[in-house]
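Chain by chain, the residues run as shown.
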Amino acid sequence: MSTDTKTPVLIVGGGPAAIAVLLAASRIGELPRLLDEGLTLVEREPQIGSGTLGRYVINSDSAAETFVDAITDNPVPELARLTHHPLVEMIRSRGRLPLPLRVVADFLDMVGQVLTALITAHPASRILTGWQLKSLHQTVDGKWRGYLASSDGAHTQHLIANKVVLAMGAHQPEQRLHDEVVGDGPLLPRHAGRVMQSDELLSPDGITRLRTMTAGQETPRIAVIGGASSALSAAHVIMRDMADRIAPGKLTLLHKSRLKLFYRTAEEAVADGYTEFHEEDICPVSQFVYRFGGLRYDSRNLAMRLMGIAGAPPEPRLHDVRITDDNHAEVRAIVDNADAIIACLGYRPRRISMIDAYGRPIALCADAPDGCLTGPECGILNAAGQEIPGLFGLGLASGFRPTGAIGGEASFRGQVNSLWLWQTAIGEKILHHLLPPETSLLVPTPCLRAPVLEPARGHLHP
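On a predicted model such as this, the values are computed, not experimentally measured, just so you know.

Asker: Could you clarify how one ought to interpret the packing of helix H8 (residues 206-213) against helix H9 (residues 229-241) in this entry?
Answerer: Think of two packed helices as two axes; the pair is described by the angle between the axes and how far apart they sit. Running from amino to carboxyl end, H8 crosses H9 at an angle of 75°, the nearest separation of the two axes being 11 Å. What the angle tells us is that H8 and H9 run roughly perpendicular. Between H8 and H9, the contacting residues are Ile-207, Leu-210 and Arg-211 on the first element and Val-237, Ile-238 and Asp-241 on the second. By residue class, the composition of the contact of H8 with H9 is 4 nonpolar, no polar and 2 charged.

Asker: Would you mind going over the packing of aromatic side chains with me for this structure?
Answerer: Tallied over the full model, the rule gives 4 aromatic pairs. Taking the centre distance of 5.2 Å and the plane angle of 80° together, the rings of Phe-262 and Phe-288 count as edge-to-face. Highlighted residues: Phe-262 in the loop between strand S12 (251-255) and helix H10 (266-271) and Phe-288 in the loop between H10 and helix H11 (297-307), separated in sequence by 26 residues. The same class applies to Phe-262 and to Phe-288, which are both buried. Three or more aromatic residues joined by ring pairs make a cluster, and in this case those are Tyr-263, Tyr-274 and Phe-277. The ring centre of Tyr-263 lies 4.4 Å from the NZ or CZ of Arg-300, which sits over that ring.

Asker: Explanation requested: the nonpolar core in the structure shown.
Answerer: Within soluble globular proteins, side chains that are nonpolar generally end up buried alongside one another. In this structure, Phe-107, Leu-210, Ile-238 and Ile-342 are the most contacted members of the largest nonpolar core, which totals 107 residues. The leading source of residues in this core is helix H5 (residues 101-121), at 11 residues. Other than its neighbours up to four places away in sequence, Ile-238 contacts Leu-201, Ile-207, Leu-210, Ile-222, Val-224, Ala-243, Ile-246, Leu-251 and Ile-342.

Asker: How do you make sense of unusual backbone geometry when you look at a structure like this?
Answerer: Peptide bonds are, in most cases, trans, and in most cases residues other than glycine have a negative phi. For the bond running from Leu-188 to Pro-189, omega is 5°, close enough to zero to count as cis. Summarising the element assignment, Pro-189 is placed in the loop between strand S9 (185-186) and strand S10 (195-197). Phi is positive for Tyr-297, close to 50°, though the residue is something other than glycine. Turning to its location among the elements, Tyr-297 is positioned in helix H11. One non-glycine residue with positive phi stands out, namely Ala-310, at about 55°. Topologically, Ala-310 is positioned in the loop between H11 and strand S13 (318-322).

Asker: Please clarify how empty space enclosed by the protein should be interpreted in this entry.
Answerer: A probe as big as a water molecule, rolled over the atoms, marks out the empty space that is left. Taken as a whole, the largest cavity encloses approximately 80 Å³ of empty space. Class assignment for the residues of the lining of the largest cavity results in 10 nonpolar, 3 polar and 2 charged. In this model, the second largest cavity occupies a volume close to 60 Å³. What lines the second largest cavity is Ile-58, Asn-59, Ser-60, Asp-61, Ser-233, His-236, Arg-240, Asp-298 and Ser-299.

Calculation notes
- Residues numbered from 1 in each chain as written.
- Predicted model: local features only at pLDDT ≥ 70, side-chain atom pairs only at ≥ 80, totals over all residues.
- Heavy atoms only, no water.
- Axes fitted to C-alpha atoms, helices over the stretch in contact; angles between N-to-C directions.
- Helix = DSSP H or I, 4+ residues; strand = E, 2+ residues; numbered from the N terminus.
- Parallel < 35°, antiparallel > 145°, perpendicular 65-115°, else oblique.
- Contact = heavy atoms within 4.5 Å.
- Nonpolar A, V, L, I, M, F, W, Y, C, P; charged D, E, K, R; others polar.
- Phe/Tyr/Trp six-rings, centres within 6.5 Å; stacked < 30°, edge-to-face > 60°.
- Buried < 20%, exposed > 50% of the residue type's maximum accessible area, 1.4 Å probe, protein only.
- Lys NZ or Arg CZ within 6 Å of the ring centre and 35° of its normal.
- Core = buried A, V, L, I, M, F, W, Y, C linked by side-chain atoms within 4.5 Å.
- 1 Å grid on protein atoms, 1.4 Å probe; cavity = no way out; pocket = protein on both sides within 12 Å on 5 of 7 lines; lining within 4 Å.
- Points joined across faces, edges and corners; volume = space filled by probe spheres on them.

Here it is as structure tokens:
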């Protein structure tokens, strides 16, 4: 069966990034207006909320209390009432401590249920769970025709949308293992059968698969490649869950950039003996050192042990080697001799087919190896780096880089994967485009404790 309906706004995806737009609207009192305008949310799974976040066996890179900011004093009564739920009270009681991502997922699923009820009850908006967007076609009048299929493949329908928000998450394509050079060459095909990506390792059965991969060695040699939070998280999980088989010096962290530590103030960093930062590494809004680029919580603690910061005890099982132009032979020997290689090379945004009004495929900036999906205003970028009218995106691997009032250290060259910012400043940027021009949006000053949530998927990662 095929139908053809119209919707002013189409949101594709129902995970943390997608519902962040709705939470951003709710926080500033604009959710009723957004639903009045007419909204269709499409999600391939049976429900909206946490997406795949709960499958990661690590802790958050954000303070527990920040996860419930979006519902605290929320103008939407149904969301505000969640503050009295036992799960929310437990999360808030954890204060600045991290949370297991499965707990964060439980909270987001609860929020998703409330948002589902609000959308379903509204006459101008609807939610389509169990559906997938297959392609987008630009119409001659500048709108977008979306081709949808039910998850079981039995049904299709078409939607005509004025504006589309893509929040479909990210993945780790195998092709990157063929393309990206580590030392003097790519990991594949040379090391086929010995490579596992971080997304797989950090899943519930990841350690079981790693044990199987290294079954022939009593104390296997394992190389973890990467210097971001996902790599440190991978090393942490291996030492935690394979403690019986990891011998001193047998686990090696290979990274190109130096390890950077987050600190709330420069004074705290110096007091700990950490001085590897400059003025451009301090956020002018919050005064945090490496606000966006620094390691936090479990990853930070492990890095401090590697670096001997603040008297942290050494970790004899883990050896770290920084990849330079002069040590390719050493790096190659480590990788060649490893029984297992964990690749923590980041994420790429999920892609769908896009066709312009003349029937031609639309190439995106994100199609390039290091290209971004979105620009500074969250618009989807074409291959020339220009925003495509009516298309917006956010979420893991979207490539958003902070500017202006959002803050962040001037030296930061990565992308922000912060659930808190998706629910506040980044979400509000998108709302400015989705709501009519006469709508007055409040723009709150970014909170000084703004976290970076990177659930080991490039970091929310997940």
